[in-house]
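# Fold and geometry: a report
Next come the chains, spelled out residue by residue.
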Amino acid sequence: MLAPVEEQALVGLLTALLITLAELVVVVIRREPEEAGLAQAGFVLAAFQLPIGWAIGALLGAILALGRATPWLRWIRVGAARIVSPRRDPNAFAGVIATGIGTLAFAFGAFRSLSFFSSHFHSEGLIRIASVASLPVVLAIAVLVAAAASLVLRRVAPLFGPFASPLGAVALGVGAAAPLVWRARRQLRDLGQGLDPLPYLWPIGCVLLFLLVAVVVRRWIPLRVHRLSWWLAAAACLSLWWVSNHYGGGQPERQLVEQRSVQGTRLLRFYARLSDRDRDGFSSGFGGGDCDDSDATVYPGADDPPGDGIDGDCFEGDGSPTLEDALGDGHYTRAPATTRRRSVVLVTVDALRPDHLGVNGYERPTSPSIDAFAAQSAVFTETIAPSSRSVRSIPSMFMGVYPSQIVYGNEYLYPGVRPENDLFAEVAKRAGYVTHACVGTDYFHRVRDFFQGFDQVEQPKDAPRDFPVDCALRALPRLAEGDQPFLLWVHLFNVHLPYLPDRLPSLFGAEPKDHYDTEITLADREFQRLLSALDGRGLSRSTVVVLASDHGEAFMEHGHRGHSRTLFEEEVRSVLMLRGPGIPAGRIDATVSLMDLTPTLRNLLDLPGRPQIPGRSLVPLMLNESEGWPDRPLFMELLPDGLFPYDQKAVRDGRYKLIWWVRDNTLRLSDLQEDPREMVDVSAAHPEETQRLHTLIRSWMAGHRAGNRRSEIVAQNLLPSVPPMQHRVDARYPGFTLLGYDMPRDEIARNETLPMTFYYRVDRRIDGDWFFFVDLIGPNGVRFHDFHAHHYPLNGAYRTDEWEPGQIIRDPVEIYAPRDAPIGNYRIDFSLLDDDRRPIAFGPQGRYNIPMGQVRVRP
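Below is a short write-up of the structure. As the structure is a computational prediction, the values presented were derived from the model and not from experiment.

Thresholds applied
Residues numbered from 1 in each chain as written. Predicted model: local features only at pLDDT ≥ 70, side-chain atom pairs only at ≥ 80, totals over all residues. Heavy atoms only, no water. Helix = DSSP H or I, 4+ residues; strand = E, 2+ residues; numbered from the N terminus. Buried < 20%, exposed > 50% of the residue type's maximum accessible area, 1.4 Å probe, protein only. Contact = heavy atoms within 4.5 Å. Areas by Shrake-Rupley, 256 points an atom, 1.4 Å probe, with all protein chains shown as cover. Salt bridge = Lys/Arg side-chain N within 4 Å of Asp/Glu carboxyl O. Pairing = 2+ DSSP bridges. Core = buried A, V, L, I, M, F, W, Y, C linked by side-chain atoms within 4.5 Å. Axes fitted to C-alpha atoms, helices over the stretch in contact; angles between N-to-C directions. Parallel < 35°, antiparallel > 145°, perpendicular 65-115°, else oblique. Nonpolar A, V, L, I, M, F, W, Y, C, P; charged D, E, K, R; others polar. Polar contact = N/O pair within 3.5 Å; in protein donor to acceptor, adjacent residues only side chain to side chain. Disulfide = S-S within 2.5 Å.

## Quick word on the overall build of the chain
- When you go through the chain residue by residue, the secondary structure sums to 22 helices and 25 strands.
- Counting over 859 residues, the chain shows a buried share of 54%.
- Excluding contacts between residues fewer than 6 apart, the proportion of contacts in the chain whose partners are at least 24 apart in sequence is 69%.
- Entry remark: accessible area of the chain is about 37900 Å², with carbon and sulfur atoms responsible for 60%.

Next up, the structure:
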């Protein structure tokens, strides 16, 4: 009885060992030669993989043993053996292919049936009844198609010779699918921009490897060797125990395991959840850093009020130190007479990397106009964005504060900017400026109060590449002919993903980076059109012109494309250039922050007020009056929200930069002087510097606005008991129950929001990091995803793999009706997606969506 268990357990262990070797190959390919810790990372990955491999193999062996001892399961074994047989069998060959054709016919017929009834019926009940009633007819047709295909294939099967076997039929099906994939390669490539395909292909490879190892073990490894699986399992468990107590001490292997490997982070979180005794999301083992795993209120990042005798945040004892000089008066100097009360043209290019510009030594001719502009401007060569996410970085730039110091609204997907914030356009408007914004995307109109202070904002949906400058050229005559100075913001969006969506030919090649560089060239031409218009109206000599980018863009330097996911240099390095009357041209190498732009403009224009903000005026640097310019650490951060739930902090101080992945408690130190691309983690070589910068980040975090702290958000939405609610649902998902929801009204106007609040009861631990969809479905089943219809729970601050059994969770969201939403009635549906964005069924009927009533959109 134990023989199948021992055999399959050995298969699992050997498969896990081979997967570990494959992980190491990936790590070696992704790492830089200077990165240390490869042997330690290999040991950690093996310790993670081997117990799981043994458990899966032993479970499968137990199932096989049960199957062999159960007579009525014999037909399954015989059928499975026949399907994978490589022997010539024309009838089985025809049957496998015909079965595949019949299955495709049934799926196609069922889909067409559902589409037909959804477009002709408006009642969900009628759609469901009609669709279910049509399935027997669809099934009958599919059976007839499969039978006809079988008759034909049996006649032609002998022509395939020895290839006419069940295994040959499977190979033929795979071969037939290949041309379809090839024909769709452009669409697949566009879809995959910004995605790493390896995590999606990895599970398939693991399954195939397991089957291959099973064949090898069955045919060539003697039975007496199978018994070694018990000793190997004991050694694997001992290795895992050692790792649980020592992991996290060496940051280089953490970097390789969690950033370079394929499944390292997922396995680490799996074991950390298992060992988290107080269920506060942090374990004392596996580098979790929980200094008291019996108290759920104690964990890294928790509030730590002084005087209670408890080290609540596991940092520096009782109480949290703060940075006393985090705020200042902007470090102003006397405003140059030549720039006071001047008009401002601010041009921002979304996701523009400074190292892809010719002025910074890029080898491709991407930016001749920007390069010429730089020769006339003050160019800040070391500009750091406060975040790699636009909805955090741009408000920070317009206010002179860090993202965590902004007062945000409660929008669950796009964090709104509350009216009590004071943005630069408001400051300019109070000083008598006329303000106008030309934005090449409607993305920001989803962010409530994002455009505070602008008299007029133009931001059409699906704007063409030349719209922002066309808009500016239309506005310039009115702005220039008035008696008041003006602020004109022009935001170019074409350098943002997806690149070349209109299928313009690439100037440099077929890779994503080639398309990106082509978009920079096109943005450069648009920038020149704007500069030429300023020259034509005689505004160039009297206007302050600023060119900036809100963040950078990644191209697999650290494992992914795009932005908003990390704080590495490729994502946070920004462009900042200023040209104006009396501003000396030249390159300034001091490290500055993009949030310094607002105090700089307030200083240049001599606008009233010196607010207490961390941003500093750069005018002293521009006027060569920087003697005594104080050094300061510059911070960067990713705050979790409903779409990007990443929680990361970073600090740059002198030559060193430290990134802290808060949720995983992972640190990475880089020496930017020796390694400007951050390819080598030197935390092990400089533990004192790592500790100093980590202390600096945590002290800085102690001064954050309370409403932006993850712990505050979670505490506000954990309820002591089930509250009364307008609509009960009681839908049981795997691990939790959707109790119901509140929806205070059933009507919404365009460009308004509809608040909804969902209530969940956690029934058991959830292993997945699930994604919530709230869809608005219009007439004929049309879905309008611009309604802000998806999010991680609690603004990404409390994800499902952190939920604890027994908790009652309140999840407030807001549905936004776009300004171009069609008028009419919409059905609200609730659904859930797993880690791989596949729908999760609930209840005994296996449904995927829950109707939440209707809402009417009015003008």
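## Some remarks on the pattern of salt bridges
- One pass over the full model with this rule turns up 33 salt bridges.
- With a shortest N-O distance of 3.6 Å, Glu382 and Arg573 are connected by a salt bridge. Linking Glu382 in strand β2 (residues 378-384) with Arg573 in strand β9 (residues 573-574), this pair joins segments that are 191 residues apart in sequence.
- Judged by relative accessible area, Arg573 falls into the partly exposed class, the value being 21%.
- Salt-bridge contacts for Arg858 lead to Glu747; the nearest nitrogen and oxygen are separated by 3.1 Å.

## What about the side chain of Thr20?
- With respect to the helices and strands, Thr20 occurs in helix α1 (residues 3-30).
- The residues touching Thr20, leaving out its near neighbours within four places in the chain, are Gly42, Leu45, Ala46 and Gln49.

## Notes on the sheet that holds strand β18 (residues 736-742)
- Pairing is antiparallel in the open sheet, where five strands are placed in the order β16-β23-β20-β18-β17. Looking at which strands have only one partner, the edges of the open sheet turn out to be β16 (718-719) and β17 (727-733).
- For β18 and strand β20 (residues 753-762), the ladder comprises six bridges, and the chain directions are antiparallel. Bridge pairing in β20 places Phe736 opposite Val762.

## Section: the environment of Gly161
- Relative to the helices and strands, Gly161 is located in the loop between α5 (124-156) and α6 (166-183).
- By relative accessible area, Gly161 is classed as buried at 17%.

## Describing the nonpolar core
- Counting residues in each nonpolar core, the largest one holds 52 residues, and the members touching the most others are Phe380, Trp489, Leu578 and Met622.
- Among the elements that take part in this core, helix α14 (residues 390-399) stands out by supplying five residues, more than any other.
- Contacts of Met622, omitting those with residues within four sequence positions, involve Ala378, Phe380, Leu578, Ile583, Pro584, Ile588, Thr600 and Leu604.
- The next biggest cluster of nonpolar side chains, apart from the first, holds 39 residues, and it includes Val345, Val469, Leu531 and Leu539.

## Quick look at the pairing of strand β21 (residues 771-777)
- Here β21 lies mainly inside the structure; seven of its seven residues are buried.
- Neither face of β21 is exposed, since Phe771, Phe773, Asp775 and Ile777 on one face and Phe772, Val774 and Leu776 on the opposite face are all buried.
- Bridging between β21 and strand β24 (residues 824-833) involves seven bridges; their strand directions are antiparallel. Each residue of the ladder has a partner; that of Phe772, found in β24, is Leu832.
- With two bridges joining them, β21 and strand β22 (residues 790-791) adopt antiparallel strand pairing. Residue pairing in the sheet places Phe773 in a bridge with His790 of β22.

## Description of the sheet that holds strand β12 (residues 634-638)
- Pairing within the open sheet is antiparallel, and its four strands lie in the order β12-β13-β14-β15. If you trace the sheet from one side to the other, it starts and ends with β12 and β15 (666-671), each paired once. Each strand axis lies, on average, 15 degrees off the axis of its neighbour in the sheet, ignoring direction.
- When β12 meets strand β13 (residues 648-653), the two strands line up antiparallel, connected through five bridges. Of the residues in β13, the one forming a bridge with Leu638 is Gln648.
- Sheet contacts for helix α21 (residues 687-701): β12, β13, β14 (656-661) and β15; angle to β14, the most-contacted strand, approximately 60 degrees.

## Re the packing of helix α16 (residues 467-481) against helix α17 (residues 512-536)
- Viewed as axis vectors pointing N to C, α16 and α17 meet at an angle of 10 degrees, and their least axial separation amounts to 10 Å. What the angle tells us is that α16 and α17 run roughly parallel. In this structure, α16 contributes Val469, Asp470, Ala472, Leu473 and Leu476 to the contact, and α17 contributes Glu526, Arg529, Leu530, Ala533 and Leu534.
- Class assignment for the residues of the contact of α16 with α17 results in seven nonpolar, no polar and three charged.

## Structural notes on the side chain of Asn603
- Tracing the chain through its elements places Asn603 in helix α19 (residues 597-605).
- The class of Asn603 is buried, set by a relative accessible area of 2%.
- A polar contact is formed between the side chain of Asn603 and the side chain of Ser617, at a distance of 2.7 Å.
- In this structure Asn603 touches Tyr332, Thr333, Arg334, Ala335, Ser617 and Val619, once residues within four positions along its chain are discounted.

## Side note on unusual backbone geometry
- Of note, the bond from Leu497 into Pro498 is cis; its omega dihedral lies within 30 degrees of zero at -5 degrees.
- Along the chain, Pro498 turns up in the loop between β5 (486-492) and α17.
- Phi at Arg341 is positive, roughly 60 degrees, even though this residue is not glycine.
- Note on placement: Arg341 falls in the loop between α12 (264-275) and β1 (343-349).
- For Leu500, which is not glycine, the phi dihedral falls at a positive 50 degrees.
- Residue placement: Leu500 occurs in the loop between β5 and α17.
- Classification of Leu500 as buried rests on a relative accessible area of 3%.

## A look at the state of the cysteines
- Summed over the entire model, instances satisfying the criterion amount to one disulfide.
- Covalently, Cys438 is tied to Cys471 through a disulfide, its sulfur atoms 2.1 Å apart. The S-S bond linking Cys438 to Cys471 shows a torsion near -65 degrees; that makes this disulfide left-handed. Here Cys471 lies in helix α16 and Cys438 lies in strand β3 (residues 434-439), a separation of 33 residues in the sequence.

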